[in-house]
Amino acid sequence: MRKPEPTVELISTGRFLPDCVVTNDDLAKRVDTSDEWIRTRTGIRERRVAPDDMTAAFMGAEAAKVAMQRAGVEPGEVDIVILSTATPDRWLPSTACDAQALLGCTNAFAFDVMAACTGFLYALTVAEGYLMAGRAEVVLVIASEKMSSITNWEDRTTCVLFGDGAGATVLRKANGAGRGILSSVMRSDGNLADLLNRPGGGAAEPMSQAILESGRHLIQMQGREIFKHAVRSMAEACDIALKRAGLTVDDVDLLVPHQANIRIIEATAKYAGLPLDKVFVNVDRYGNMSSASVPVGLDEAQEQGLIGPGSNILTVAFGAGLTWGAMALRW
Ligand code: UT7
């Protein structure tokens, strides 16, 4: 099979993590849990939590500033700001518009993508479409998540899992040097929406005192069901993305998966046929940062020298929707 040429290039990456570290022992003081349970069931040791007055737009803009500075891109050169978040700062306007204002990207248009943990990968494919259609030259893709703001801190089955953070990347059309997006596969199944959701507080169940008291505006999840779907879907998406890129697992230098649970990551790698030393992990330090997990992972993997020019990278994610997807990249 003829190998596809990369479409668009991820020129640079950046990340932002709030300073405040919350350990498993800290959580064990709030709910009936233990460091041992959280570590063995999820692989998480600690997570970052943003202060109340730190917005998702701010975290995203900070990550974007790093990516833009590394790419040598000025704010006025950005044509589109696409921001993935499951935790918009407010219902109107989009968090992307707030991030645009913070960044001074005055020549851009800005909008949010809502695809939960898969949002960064979805946003990359949207950016790819604009760039390939010739509608933009520089696109900023940001994923920023303040999961602590939608976490039910009294529910031990979910509050131990999530963390706050942001990642970003600057994209341009590939210039023929072989770097960029090689293939992608994006999927969703809305029939499974109730497995992971925030039922109250939207248009279907407008916010009320009763919703606030019941906690229906916060994350609810059927963890065990999600686990099964996550492994099967991510492994399948990895296979398809590799086939579309004309690659085999042996060609992959690093898998950068969504960081929800170390057991999900290990099982996905096993099904995909990848040894664990080719799998990037930071769930121990940050927990599940929803769509920010993959860009923060890419940024750290580069900083740690795990990927460099010419590396073949497979990324894969899974989340509420249900949504899932995978992408093969040449760095
Ligand atoms: O970003 C994508 C979306 N989310 C995910 O990918 C999450 C996917 N699911 C998971 O990661 C796992 O299902 C969890 C980590 C959420 C839970 O692990 P599990 O091994 O599936 O545990 P479980 O839900 O089957 O619960 C086992 C036991 C239960 O007690 P009983 O009924 O056996 O007595 C729970 O009540 O563990 C209990 N439990 C806890 N115990 C201590 C649940 N949460 C806790 C906790 N501390 N934090």
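The rules behind these values
Position numbers for residues count from 1 along each chain, tracking the sequence in the order it is written. With pLDDT at 70 or above as the cut-off, local features in this predicted model cover only qualifying residues; side-chain atom pairs require 80 or more to be listed or tallied, and sums for whole chains, interfaces and linings still use all residues. The side-chain numbers reported here are obtained from all heavy atoms of the structure, hydrogens and water having been left aside. One speaks of a salt bridge when a side-chain nitrogen belonging to Lys or Arg is within 4 Å of a carboxyl oxygen belonging to Asp or Glu. By definition, any uninterrupted DSSP run of H or I lasting at least four residues is a helix, any uninterrupted run of E lasting at least two residues is a strand, and each is numbered from the N terminus. The cut-offs for exposure are 20% and 50% of the maximum accessible area for each residue type, with area from a 1.4 Å probe on protein chains only; residues under the lower value are buried, those over the upper are exposed, and the others partly exposed. Here, the arc refers to the directions that run from the helix axis to the C-beta atoms. In this description, contact between two residues means that some pair of their heavy atoms is separated by no more than 4.5 Å. Nitrogen and oxygen atoms within 3.5 Å of one another constitute a polar contact, given that in protein one can donate a hydrogen and the other can accept it, and given that sequence-neighbouring residues count only through two side-chain atoms. Side-chain rings of Phe, Tyr and Trp (the six-membered ring for Trp) are treated as a pair once their centres are within 6.5 Å; stacked means planes under 30 degrees apart, edge-to-face means over 60, and tilted covers the remaining angles. Per the annotation, domain bounds derive from an automatic or database assignment of domains. The buried area of a pairing is the accessible area, by a 1.4 Å probe, that goes missing from both parts when the two are put together, added over both. Ten residues, namely Ala, Val, Leu, Ile, Met, Phe, Trp, Tyr, Cys and Pro, are considered nonpolar, four, namely Asp, Glu, Lys and Arg, are considered charged, and the remaining ones, Gly among them, are considered polar.

A. Summary view of the pattern of salt bridges. By the definition in use, this model includes 14 salt bridges. For the salt bridge of Asp299 with Arg70, the shortest nitrogen-to-oxygen distance reads 2.8 Å. Within this pair, whereas Asp299 is found in helix H11 (residues 293-303), its partner Arg70 is found in helix H3 (residues 56-71), the two being separated by 229 residues in sequence. Across the salt bridge formed by Arg216 and Glu205, the nearest N and O atoms sit 2.6 Å from each other. Note that Arg216 is positioned in the loop between helix H7 (209-214) and strand S10 (220-221) and Glu205 in the loop between strand S9 (196-197) and H7, a separation of eleven residues in sequence.

B. Fine view of helix H9 (residues 262-272). For H9, every residue scored as buried is listed here: Ile262, Ile264, Ile265, Thr268, Ala269 and Ala272. Down the axis of H9, the buried set is contained in an arc of 160°. They therefore lie on one face. Facing away from the buried side of H9 by over 90 degrees, the exposed positions are Lys270 and Tyr271. As for H9, its buried residues are in contact with helix H2 (35-42), helix H8 (223-245), strand S11 (254-257) and helix H10 (283-286). Between a side-chain oxygen at the N-terminus of H9 and the backbone nitrogen of Arg263 the separation is 2.8 Å; the capping residue is Asn261.

C. Up close: the packing of aromatic side chains. Counted according to the given criterion, the structure contains five aromatic pairs. With centroids separated by 6.0 Å and ring planes inclined at 20°, the aromatic side chains of Phe109 and Phe111 adopt a geometry described as stacked. Relative to Tyr130, the ring of Phe109 lies with its centre 5.6 Å away and its plane at 70°, an arrangement referred to as edge-to-face. A residue pair is termed long-range when its members are at least 10 positions apart, and Phe109 in strand S5 (residues 109-113) and Tyr130 in helix H5 (residues 119-132) qualify at 21 residues. On the basis of relative accessibility, which here comes to 26%, the residue Tyr130 falls in the partly exposed class. Counting every residue linked through ring pairs, the aromatic cluster contains Phe109, Phe111 and Tyr130.

D. Examining the domain arrangement of the protein chain more closely. As assigned here, the protein chain comprises domain 1 (8-178) and domain 2 (181-330). Here domain 1 and domain 2 have C-alpha centroids that lie 14 Å from each other. At the junction of the two partners, domain 1 supplies 49 residues and domain 2 supplies 46 residues. Summed over both partners, the interface of domain 1 with domain 2 comes to about 3,800 Å²; 60% of that surface belongs to carbon and sulfur atoms. The largest per-residue losses of area from domain 1 upon contact with domain 2 belong to Arg15, Cys117 and Leu121, which jointly make up 18% of the total buried on that side. Viewed at the interface, domain 2 and domain 1 are joined by four salt bridges. When residues in the side of domain 1 that touches domain 2 are grouped by element, the largest group, seven residues, is from H5. Of the residues contributing to the side of domain 1 that touches domain 2, the split by class is 20 nonpolar, 19 polar and ten charged.

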